[in-house]
Amino acid sequence: ENGAALFRPVNGGLGMAVDAYGRVLGTLDHFTTGTPDKVLVADLRTKGVATLYPAVGDAFGWLCGGGLALLALVAVRVRWSEGCRRA
């Protein structure tokens, strides 16, 4: 989401190399590799890519949550006003 490459070294797990576009360039599973010397080599670019998330941040999520709350309030109000008309 930030447009950066990721190299995930681990000691007992799944090591990964992922480029800035989310493509997996290499993996190394600690548990299935039979050799004691485990090496993961991948060519990762240091320059990332521009994405929308750094500019917008969590605003989209907050807007979705606010829209859901607004729809819930409208639904409750409509339901309540229908109940008042019947009485």
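Small disclaimer: the values here were computed from a predicted structure and weren't measured.

Undergrad: Before we move on, can you summarise the overall build of the protein with the specific residues and values?
TA: Scanning the protein from N- to C-terminus turns up two helices and three strands. Going residue by residue from the N terminus, the α and β elements of the protein occur as β-β-β-α-α. The C-alpha atoms of the protein give 24 Å as radius of gyration, which overshoots the globular expectation for 87 residues (12 Å, by more than 25%). Look at the contacts in the protein between residues 6 or more apart in sequence, and 34% of them connect residues 24 or more apart. Total accessible area on the protein is roughly 7,400 Å²; 62% of this is exposed by carbon and sulfur atoms. Positive and negative side-chain charges of the protein, numbering 9 and 7 respectively, have mean locations separated by a distance of 14 Å.

Undergrad: Quick rundown of a nonpolar patch on the surface? Include the residues and the values.
TA: Together, L52, V56 and F60 line one region of the surface with nonpolar side chains, adding up to about 340 Å² of accessible area. Assignment of secondary structure puts V56 in helix α1 (residues 53-56). Looking at V56, the relative accessible area reads 38%, which means it is partly exposed.

Undergrad: Before we move on, could you go through the sheet that holds strand β3 (residues 24-29) and cite the residues and values that matter?
TA: As summarised here, the arrangement of the three strands in space is β1-β2-β3, forming an open sheet in which the pairing is antiparallel. The open sheet has two edge strands, β1 (6-8) and β3, and neither has a second partner. The sheet shows a mean angle of 10° between the axes of neighbouring strands, direction not considered. One ladder, built from three bridges, connects β1 with strand β2 (residues 14-18); its direction is antiparallel. Bridge assignment links R8 to a residue of β2, and that residue is M16.

Undergrad: Describe in detail the environment of V41, supporting the description with residues and values.
TA: Along the chain, V41 falls in the loop between β3 and α1. With 36 residues separating them along the chain, V41 and A5 place their C-alpha atoms 14 Å apart.

Undergrad: Could you give an account of the pairing of β3, with specific residues and numbers?
TA: Here five bridges tie β2 to β3, and the two strands are oriented antiparallel to one another. Note on β3: the bridge partner recorded for V18 is V24. Where β2 folds back on β3, the antiparallel hairpin that results is connected by five residues, among which G22 adopts a positive phi of roughly 90°.

What counts, and at which threshold
- Residues numbered from 1 in each chain as written.
- Predicted model: local features only at pLDDT ≥ 70, side-chain atom pairs only at ≥ 80, totals over all residues.
- Heavy atoms only, no water.
- Helix = DSSP H or I, 4+ residues; strand = E, 2+ residues; numbered from the N terminus.
- Rg over C-alpha atoms; globule rule 2.2 N^0.38 Å.
- Contact = heavy atoms within 4.5 Å.
- Areas by Shrake-Rupley, 256 points an atom, 1.4 Å probe, with all protein chains shown as cover.
- Lys, Arg positive; Asp, Glu negative; His and termini not counted.
- Charge placed at Lys NZ, Arg CZ, Asp CG, Glu CD.
- Patch = residues over 30% accessible without salt bridge, like charges linked within 9 Å, V, L, I, M, F, W, Y side chains within 5 Å.
- Salt bridge = Lys/Arg side-chain N within 4 Å of Asp/Glu carboxyl O.
- Buried < 20%, exposed > 50% of the residue type's maximum accessible area, 1.4 Å probe, protein only.
- Pairing = 2+ DSSP bridges.
- Axes fitted to C-alpha atoms, helices over the stretch in contact; angles between N-to-C directions.

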